[in-house]
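Reading the structure
The chain contents come next:
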Amino acid sequence: MEEQKQFKIQGGSLEKSLKGETQLDLKAIAEEAWNLSKNTKTVVLHGVLLLFFIAIVFAWVLQSWFGISDLSVVPQSMMISLKVAGIIVTTPIIATMFLLGISHSVGIKPRFSSILKNVMGSILVILLALLLAAMSDVGSFVGSQISVLLGVAMLFYVNLATGFSIMLLIEKRLAPSQSVIQSLKVFHKYWMPLSVFYLVYYLCLFLGALSLGFAYIWIIPFFINMKGILYRELFGVKVLNVKSQSNPDESIFHA
């Protein structure tokens, strides 16, 4: 019943973070994320396996239908089409993994399929992902006109600074433009700890590749949960309480 529904905010708030009043203890957040990952690893890995399957299908289509086994020989127009197609297909899965991290950060353990169904119903999520990809490409291109190093720096900056945009779009229901703007503003307030988080993440991904990807079983769920906790602390999470608690999959989706 609608009258039985109540909301509460867990964690910080956007207003506090924009004022620089939120304290981020990366060590404590990492410890919490590691403990969470012990019991939530499997559901996050559903997304990883789906992405791996999609990558295999894309590679098979390129080789079987177009006779392409080397991406370096793919025409620019086809490369753009492939990138757009890849974003459209993978964005709902990646967004679902982000939102699993948010759910876990507030003590909720929904099924992967439950969140994916909600995410797939929003075209705005895909449009925002396309916008973010365009911003990265434009920033990288403009920077590379000055120097290759600046181009790479601009690519990393855009990706890091807009890293919470999709989460804000879905959880806070902000407009796509506002999701990007608020993510940028908060990143600028906390650029040091957030940069450390992302740099360690990329380093772990690189080191994980040396294990033939086996280490990703722990690395990816850990960082997904850690990003969810960072989001909780920086933006707060609106959680729906239902008195009857009849649906264990009630989570951050409070529509």
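Read on for a plain summary of the structure.

Criteria and thresholds
- Residues numbered from 1 in each chain as written.
- Predicted model: local features only at pLDDT ≥ 70, side-chain atom pairs only at ≥ 80, totals over all residues.
- Heavy atoms only, no water.
- Helix = DSSP H or I, 4+ residues; strand = E, 2+ residues; numbered from the N terminus.
- Rg over C-alpha atoms; globule rule 2.2 N^0.38 Å.
- Contact = heavy atoms within 4.5 Å.
- Areas by Shrake-Rupley, 256 points an atom, 1.4 Å probe, with all protein chains shown as cover.
- Lys, Arg positive; Asp, Glu negative; His and termini not counted.
- Charge placed at Lys NZ, Arg CZ, Asp CG, Glu CD.
- Buried < 20%, exposed > 50% of the residue type's maximum accessible area, 1.4 Å probe, protein only.
- Polar contact = N/O pair within 3.5 Å; in protein donor to acceptor, adjacent residues only side chain to side chain.

Turning next to the overall build of the protein chain. Within the protein chain one finds 10 helices and 2 strands. In the protein chain, the order of α-helices and β-strands from amino to carboxyl end is β-α-α-α-α-α-α-α-α-α-α-β. A compact globule built from 255 residues should have a C-alpha radius of gyration of about 18 Å, and the protein chain, at 19 Å, falls within 12% of that. Principal axes of the C-alpha set define a box for the protein chain whose edges measure 60 × 40 × 35 Å. Long-range contacts, defined as pairs at least 24 residues apart, comprise 75% of the intrachain contacts of the protein chain with a sequence gap of at least 6. Summing over all exposed atoms, the protein chain offers an accessible surface of approximately 13,800 Å²; the carbon and sulfur share of this is 67%. For the protein chain, the centre of its 19 positive side-chain charges and the centre of its 13 negative side-chain charges are spaced 2 Å apart.

Within the fold, serine 105 resides in helix α3 (residues 76-105). Overall, serine 105 belongs to the buried group, its relative accessible area being 6%. Here isoleucine 102 takes part through its backbone oxygen, which lies 2.6 Å from a polar atom of the side chain of serine 105. Here serine 105 is in contact with Glu32, Leu36, Gly228, Ile229 and Arg232, once residues within four sequence places are set aside.

Function-wise, these values are silent; they only describe arrangement.
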